[in-house]
Amino acid sequence: MTLQQEYDYVVVGGGTAGLVLANRLTEDPHVEVAVLEAGSDRLKDPRITTPGLTSALYDNPEFDWIFRSTPQVSQISLEKSKYIEG
């Protein structure tokens, strides 16, 4: 990955929608797009790149925002990551 001084577009959010948008924008080979996501660069972390290991990241504050619903009979965990996904 090469960082540049200037980009034509900056997409904030590396979830599915943000990455689809970035992909569409880069269909023009003259367009430079940066995608920003919270958290550290984890693109080479085997817990991210290995299918089946993603669930090991839940409730880990390095990777997960650990959002919880309001108290109720059955609490719902809302996994929202801090890394590029999609």
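Notes on the structure follow. (Residues numbered from 1 in each chain as written. Predicted model: local features only at pLDDT ≥ 70, side-chain atom pairs only at ≥ 80, totals over all residues. Heavy atoms only, no water.)

Right, let's get into the overall build of the protein. A tally of helices and strands in the protein yields 2 helices and 4 strands. Secondary structure elements of the protein occur, N-terminal to C-terminal, as β-α-β-α-β-β. Across the 86 residues in the protein, those meeting the buried criterion constitute 22%. When contacts within the protein are restricted to residue pairs at least 6 apart in sequence, those whose partners lie at least 24 apart make up 34%. A total of about 6,600 Å² of accessible surface is found on the protein, and carbon and sulfur atoms cover 55% of it. (Helix = DSSP H or I, 4+ residues; strand = E, 2+ residues; numbered from the N terminus. Buried < 20%, exposed > 50% of the residue type's maximum accessible area, 1.4 Å probe, protein only. Contact = heavy atoms within 4.5 Å. Areas by Shrake-Rupley, 256 points an atom, 1.4 Å probe, with all protein chains shown as cover.)

With the rule as written, the count across this model stands at 0 aromatic pairs. Between R42 and the ring centre of F63, over which it is positioned, the NZ or CZ distance is 4.3 Å. (Phe/Tyr/Trp six-rings, centres within 6.5 Å; stacked < 30°, edge-to-face > 60°. Lys NZ or Arg CZ within 6 Å of the ring centre and 35° of its normal.)

Moving on to the pairing of strand β1 (residues 9-12). Looking down a regular strand, the side chains alternate between one sheet face and the other. Across 4 bridges, the pairing between β1 and strand β2 (residues 33-36) is parallel. By the bridge assignment, V12 is partnered in β2 with L36. (Pairing = 2+ DSSP bridges.)

As a further point, take a nonpolar patch on the surface. A surface patch of nonpolar side chains, amounting to about 300 Å² of accessible area, comprises V10, V12 and L36. Structurally, V12 can be placed in strand β1. (Patch = residues over 30% accessible without salt bridge, like charges linked within 9 Å, V, L, I, M, F, W, Y side chains within 5 Å. Salt bridge = Lys/Arg side-chain N within 4 Å of Asp/Glu carboxyl O.)

Turning our eyes to something else, we now look at unusual backbone geometry. One non-glycine residue, D59, lies in the positive phi region at around 65°. Locating D59 in the fold gives a position in the loop between α2 (46-49) and β3 (67-68).

Opposite charge on two side chains permits them to pair, given that their charged atoms come into close proximity. According to the stated counting rule, one finds 3 salt bridges in the structure shown. With a closest N to O distance of 3.6 Å, R24 and E27 form a salt bridge. The exposure class assigned to E27 is exposed, which follows from its relative accessible area of 55%. Its salt-bridge partner being R42, residue E62 comes within 3.0 Å of it at the nearest N-O pair. Placement of E62 in the loop between α2 and β3 and of R42 in the loop between β2 and α2 is noted, with a sequence separation of 20 residues between them. A relative accessible area of 46% places E62 in the partly exposed class.

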